[in-house]
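Here is what each chain is made of, one letter per residue.
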Amino acid sequence: MNPEHKSEKTAEDYLEAMLMLKHEKGYIRSIDVAQRLGVTKPSVTYTTKRLKEKGYIIMDKDNYIIITESGMEIAEKILHRHETLTNFFISIGVSEEIAKKDACKIEHDISHETFVALCDYFAKYK
């Protein structure tokens, strides 16, 4: 995997985790991101700095993370892909645990064309 793709995948993983935390808790803290992703606090500090530089997040005065509009576009896209792929895999007999893990691996690499075709297929035979 080239470094640029790895960096993009990391950003997508962090933004997705942040959006999930926002839905669950109503707020996003760095420590919660670290726990969700199973990474260290310094790793979160490093990556949130990069996400701020790209304009995907901002920090409020209390150090809570706020996802910007551009960050939200990415987070919602990845979360939608994750949920759709997970549901598809479960529907074809994959256990929920494995379906979630596999969806996480695929959500970053699947082309838009293939994802749309999969969604159409899933809707047709659901």
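Given the structure is predicted, the values throughout are model-derived calculations rather than measurements.

A. Geometry of the packing of aromatic side chains. Per the stated rule, a full pass over the model turns up 4 aromatic pairs. A ring pair is formed by F88 and Y121, whose centres lie 6.4 Å apart and whose planes are at 75°; its orientation type is edge-to-face. With F88 in helix α4 (residues 69–91) and Y121 in helix α6 (residues 112–125), this residue pair connects regions lying 33 residues apart in the sequence. Among the residues examined, F88 registers a relative accessible area of 13% and is labelled buried. Linked through ring pairs, F88, F89, Y121 and F122 together constitute an aromatic cluster. The ring of F115 carries R81 above its face, with NZ or CZ at 5.1 Å from the centroid.

B. Inspection of the pattern of salt bridges at higher detail. For the coordinates displayed, the defined rule picks out 9 salt bridges. Here D32 and K25 are joined by a salt bridge, their closest N and O atoms 3.6 Å apart. Judged by its relative accessible area of 37%, K25 falls in the partly exposed class. For K101, the salt bridge goes to E97, with nearest N and O atoms at 3.3 Å. Note that K101 and E97 are positioned in helix α5 (residues 96–106) at a spacing of 4 residues, about one turn of the helix. The class for K101 is partly exposed, based on a relative accessible area of 45%.

Rules behind the numbers
Residues numbered from 1 in each chain as written. Predicted model: local features only at pLDDT ≥ 70, side-chain atom pairs only at ≥ 80, totals over all residues. Heavy atoms only, no water. Phe/Tyr/Trp six-rings, centres within 6.5 Å; stacked < 30°, edge-to-face > 60°. Helix = DSSP H or I, 4+ residues; strand = E, 2+ residues; numbered from the N terminus. Buried < 20%, exposed > 50% of the residue type's maximum accessible area, 1.4 Å probe, protein only. Lys NZ or Arg CZ within 6 Å of the ring centre and 35° of its normal. Salt bridge = Lys/Arg side-chain N within 4 Å of Asp/Glu carboxyl O.

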